[in-house]
Each structure stands twice: as C-alpha cells, then as structure tokens.
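Take a look at the letters that make up each chain.
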Number of protein chains: 2
Amino acid sequence: MASARQYSGGANGNRSLERGIEILRAFRPGVDTLGNGEIAERTGLPRSTVSRLTKTLVEVGMLYEVRIERTYRLAAAVLSLGHAVRMGSPVLKVLGPLMRAESTRRRLNVGLATADRTMMVYLESIRYNPRPTLRSIVAGQQVPMELTSLGRAYLAGIPDKARDTLLAQFRRRNAAATKALIAEVQKSIRAVRRDGYCAVSWQPGVLAVATPIVLEGLPIYALNMSMQDIESTEALGAEIGKYLMEFAARCKEALSGSRPDPTLLRHQQSQELASI
Amino acid sequence: MASARQYSGGANGNRSLERGIEILRAFRPGVDTLGNGEIAERTGLPRSTVSRLTKTLVEVGMLYEVRIERTYRLAAAVLSLGHAVRMGSPVLKVLGPLMRAESTRRRLNVGLATADRTMMVYLESIRYNPRPTLRSIVAGQQVPMELTSLGRAYLAGIPDKARDTLLAQFRRRNAAATKALIAEVQKSIRAVRRDGYCAVSWQPGVLAVATPIVLEGLPIYALNMSMQDIESTEALGAEIGKYLMEFAARCKEALSGSRPDPTLLRHQQSQELASI
DNA sequence: GCCCGATTTCCACTTAATGGAATTGGTCGG
DNA sequence: CCGACCAATTCCATTAAGTGGAAATCGGGC
C-alpha cells in the first residue's frame, strides 16, 4: 500500500533522492531551523524516513545538526554549490559586468533571474544606491513569479505549454484573488508581446520593468530594472522600459557574440583540476 | 557483488541520496558543465545509475539539461538554497554588519568561513578596495584548508579527533610535499594556541591572518583579515593580527550577547510563512 | 547514407529502503 | 529527585524500488 508519490508531477525518478532534495527545499529564508518532526509535517513524509534522510544529509555535509535544539540547518556545502552556480553560468559571466555598469549609468537597480518552479530566482540583483558604499549585489533571492515583472516577462518568454502549467499552479495557489490576478498576469504578458517589456509595481514605492531573454540553446531568463522611492506612473514605466529594451538588445548581442559555436564546445572542455 | 560504498566514511546512509548529492558536488568552479559519462568517471558510479540520478536531479530542479551539448549544469534552485544558507545563518546575521564596518575602518579584507570536508567555505568575504565601487562581497567561495590561515585557524579550533582525521586526509592528498606541509600546518596551529591567530601568505602578495571562533552550541568558524599587494613581514602580520584579535573579541561578545538562551529557543520558533 | 561512440532503456535480481511498532532519550511537572 | 509524557530514533519483517550489465537507441562524423 505504498502511499503514491505525493510531491512532484509523477514520473519515475529516484524516490530517496527526490525526498532528500525536498527536505533541503523545506529550508528557505524565514525557515532556517527545522527539526525532524517539523520536516515530516511540511513534507508529508513518515517520521522515520525523515530521520534517516536527514542523517544522510548530515553525513554528506548538506545539513548540520544543532544538538541542543535537536534541529538542523543548511550547511556550508550548500552555499558553495550556490557559488558554483554563479561561477558556472556563462550568461552571468557575460551580463554581470554589463549590468553593473548599466546600474551605475542609469542609477537604478538591475537584475537577472530565471525560474525555479513557481518562483523567480535572481542570478544577480544589483541594488543601486547613490552612496557607493551602500550598493549591494544579491544572488539567489526568490520572488513570486505571478506577482513580479520579472516573473511575468519570463512567462511571456516560455513555450505555451509550460506557461499553461504554471498558470494552473497560480490558480491553485491563491484561490481567492485568482480571477483578477490571472487577468493581471495576462495583461502583462500582452504588454511584453506588444512593447517588449512589462511594468509592475509589486511592492509599494517600487516600479519594476522586465523583459525576457530568449536565445537558442540557452535557458530562458528575465532581465529587469527597477527604482525605489518613486511614484510609479505610466510615463516613468515607459522611460525605464526604453532603457531596458536598449540594454536588453546589447545583452543579447553580447551573448550571441560570446557564445561559442555549440558544435565546437565539446572540444574545449575538461581542464582537469586535480583532486581539489 | 555490490561494489562497496566508495566515497564517504562508511556508515549506513541512504545510498541513492548520497550518490545524488555526490553528483551535485562534482560541479564546482572550473567544472561547470558535465555529461553523464564524465559524471560517471568522476564519481565512479555506473553509467546507468548516473543516467537515472541526473534525470531525477533535473526533475527536482537541481540540474538543467543543455540538450545540444548533452550535458548538465547546476540550476537556479541550487543558488536559492545557497541564499537560504546565508539568510538563515545567525552568526552571519550578527557578524556581517560588523565585518563590513571593520573592513572599511581598517582598509583590509575581512572574511568569515567554516568547513566543508577539507575545504573552507566563505560565508562572507569582504574585499576591500580604496574605490568604494570596486569593493565586493563574495559568498560560497572555497579555499583549501591546509594551505590557508583560515583553514589552519579552523583546525586549531576543532576537537583533536576531528583534526587528526583531517590531517590524515591532507597527507593522502599531496603525498609529495607532505612532510613539510604538515609541519607548516602544525606550526600555524601552535601560533594560534600562542598568539590567538596565525599568519599565512598563501598567494603571493597577499598576507592573511585568521583566528577560530569557538562558542558553545555553535559550529566552529574562522575569521580572517587580509591585505593585497604588500610584502608580508613578521611585523605586518603582528599588526594585522592585533586588529584581528581585537575584532574577534568584539565579535564573540556580539555573538554571545545576541544569542538567546538555548533553552528558550524552542518557544519562539515557527513563525509560519504561508506557502511562499 | 552508413558507421561508431555514447547514452539511455530494459529487465531479472536482490539489495536496500520503507514505515509501523517498540524503544530510547530528554524535559517538564510534581 | 523521581516519574510521566512527548518526540525522536532504532528495529525488523516486508517488498518495493533501485541496481547494473546488456541490448537498443540516438547522434554526430565521415
């Protein structure tokens, strides 16, 4: 009577691995400390299974145990994997410097993100501040796809089928405000089709515009620009949108220029790094 | 004739999960693109097993497939987990602001790290630069434990047994220069015992000093300060070391001050954050 | 268009994961 | 200080699920 796979769509993956990763995913900003019991609740897994899997995750260095609290936290290895993501992203390698320059030039925030399930994840978010000391770069932060310009630009960029799946999940998520919300999302997507970008003021006092980056052979990204502490008007959105479109064009050019011919790729690979 | 567990010490963890994580770990800065074949080689796992596990890792969002190359890369979900580590670290929450201020005040690099196996992982590394625009903060970067002040300070801070295990691994790692290297490590450890810190010039033109942060109920960290483009002298090391010891004292105070009584902890936990 | 290398699917095998039940351990109240 | 309670962990019989060698399939290169 094996309780049929709860999470995940359904295909035949490795169950233990799926579950282990799902345990890691239970940790997120705001939920930084979890005991086995709490993990069991949140994931719906049997308590004994959770016990065994967390033990393994500690052994492989992804969690560490806070004995006195009988809880676990994400360990340093997870952070270094995250660092590897950034170092390994060819897109960020090209766009990072451009984005930093553009942020300074236009005096606004510039961000690059891609999707993880129903969230957008910043590969890099450059927070502009007049005082150079207070400028900052954030990576890995998540924002909800359906509510942000970033997410809606992304939705406009992906294949129809994938978008439908996601829209269905949003409907399920906030059953209440659904109708209006989905309409908003659709409107933003049409805006991207029409103008190349969409403008959304998700958080009060912040106006953000975003555009998808769709290039053959690459995952789909979204690029955004935003400003704080302003009243968002149609006109301001259009102005930032103009900057964004101009910048996105340069980005796409840089990407296709820098990207080596895929057929050549395999020949340059594999520079061994000894056992480190 | 199941090939006895290759990696990991040996205890009885969940095999598939261990293997899946080991596949993720095969990706690191410098190795950002791997095909199933290459993963099989590097991990020593059978090709068919790798095929299945990478498939699962794609399903759960930890890898994505670059079809045209028939390879995989780490996906955005990994990065957001990394972000969760930083956001969830109570130590970084307290020390981050102090470190930034200290970097500006002393005009040098300040870093906080902890261990992952035989590597030190920066929770935060603040790179000082006279031009504020060029200052940067890095997280997740790895440096070898046995070669850096950070790593040796850490070694000085951990229990004897753990240190012995690690030293044995270093011996295995660089069989050649072992004797001299181990002696160097021991010397640094004695320096920590005597002066509170050790100074190492791992990379030419960079002088680094580090000290362990050992507090009841917390994992063991190491704090470092470093300067670039200088000739490292005994005197300079002593000076930076003095700054470091003074700063570390303030850090420890801040940590024990901010840390709530462990026995009270469980009562404040669990502020639900809905499904986001 | 055909061949060759690599990757993925197949399948019988059996290991190894599973989850309910019992046990252990730690905390609070008496 | 001791006993009761709550939760986490270990135990164990069950069998599902993962395993890896072999065959098939897929692509790119010639």
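Look above for the structure.
Residues numbered from 1 in each chain as written. Chains lettered and ligands numbered in written order. Predicted model: local features only at pLDDT ≥ 70, side-chain atom pairs only at ≥ 80, totals over all residues.

(A) A look at the nonpolar core. Within the largest apolar cluster, 142 residues are counted, with the highest numbers of intra-cluster contacts made by A:Met120, A:Ala222, B:Met120 and B:Ala222. The residues touching B:Met120, leaving out its near neighbours within four places in the chain, are B:Ala113, B:Ala115, B:Gln142, B:Val143, B:Met145, B:Thr148, B:Leu150, B:Gly151, B:Tyr154 and B:Ala222. (Core = buried A, V, L, I, M, F, W, Y, C linked by C-beta atoms within 7 Å. Buried ≥ 20, exposed ≤ 12 C-beta atoms within 10 Å, placed from the backbone. Contact = placed C-beta atoms within 7 Å.)

(B) Structural context of the protein's contact with DNA strand C. Among the 19 residues in the neighbourhood of DNA strand C, the closest are listed as A:Ser48, A:Thr49, B:Arg15, B:Gly37 and B:Ser48. Mapped by element, the contributors of at least two residues to the surface near DNA strand C are α1 (15-26) and α3 (47-59) of chain A together with α1 (15-26), α2 (36-43) and α3 (47-59) of chain B. (Near = placed C-beta within 6 Å. Helix = DSSP H or I, 4+ residues; strand = E, 2+ residues; numbered from the N terminus.)

(C) Spatial organisation of the pairing of strand β2 (residues 71-74) of chain B. Residues and elements named next belong to chain B. Of the two faces of β2, the one holding Thr71 and Arg73 and the one holding Tyr72 and Leu74 are both buried throughout. Pairing of strand β1 (residues 63-66) with β2, which is carried by four bridges, proceeds in the antiparallel orientation. Looking across to β2, one finds that Val66 is bridged to Thr71. Between the antiparallel neighbours β1 and β2 lie four residues, among them Arg70 with a positive phi of about 55°. (Pairing = 2+ DSSP bridges.)

(D) Fine view of the relation of the copies chain A and chain B. Superposition of chain A onto chain B requires a rotation of 180° combined with a translation of 0.0 Å along the rotation axis, giving an RMSD of 0.0 Å. In short, the pair behaves as if placed about a two-fold rotation axis. Both copies contact each other with a shared surface, as 100% of the interface residues of chain A are interface residues in chain B too. (Least-squares fit on C-alpha atoms with pLDDT ≥ 70 in both.)

(E) Highlighting the pairing of strand β8 (residues 207-213) of chain A. All names here are of chain A. Across the seven residues that make up β8, a large majority, seven, are buried. One ladder, built from three bridges, connects strand β7 (residues 198-200) with β8; its direction is antiparallel. Along β8, the bridge assignment pairs Cys198 with Ala210. Sheet topology note: the β8/strand β9 (residues 221-227) ladder contains seven bridges and is antiparallel. Note on β9: the bridge partner recorded for Ile213 is Tyr221.

(F) Examining the protein's contact with DNA strand D more closely. Lining the immediate environment of DNA strand D, one finds 22 residues, of which A:Arg15, A:Gly37, A:Ser48, B:Ser48 and B:Thr49 sit closest. A total of four residues in the surface near DNA strand D trace back to one element, the largest contributor, which is α3(A). Broken down by class, the residue content of the surface near DNA strand D amounts to three nonpolar, twelve polar and seven charged. (Nonpolar A, V, L, I, M, F, W, Y, C, P; charged D, E, K, R; others polar.)

(G) Structural view of the packing of α1(A) against α3(A). All names here are of chain A. Running from N to C, α1 and α3 point in directions that differ by 80°, and their axes come no closer than 10 Å. Accordingly, the angle class assigned to the pair α1 and α3 is roughly perpendicular. Counted together, Arg19, Gly20, Ile23 and Leu24 of α1 and Thr49, Val50, Leu53, Thr54, Thr56 and Leu57 of α3 form the full contact between these two elements. Of the residues belonging to the contact of α1 with α3, the class tally is five nonpolar, four polar and one charged. (Axes fitted to C-alpha atoms, helices over the stretch in contact; angles between N-to-C directions. Parallel < 35°, antiparallel > 145°, perpendicular 65-115°, else oblique.)

Don't take any of this as a statement about function, it's just geometry.
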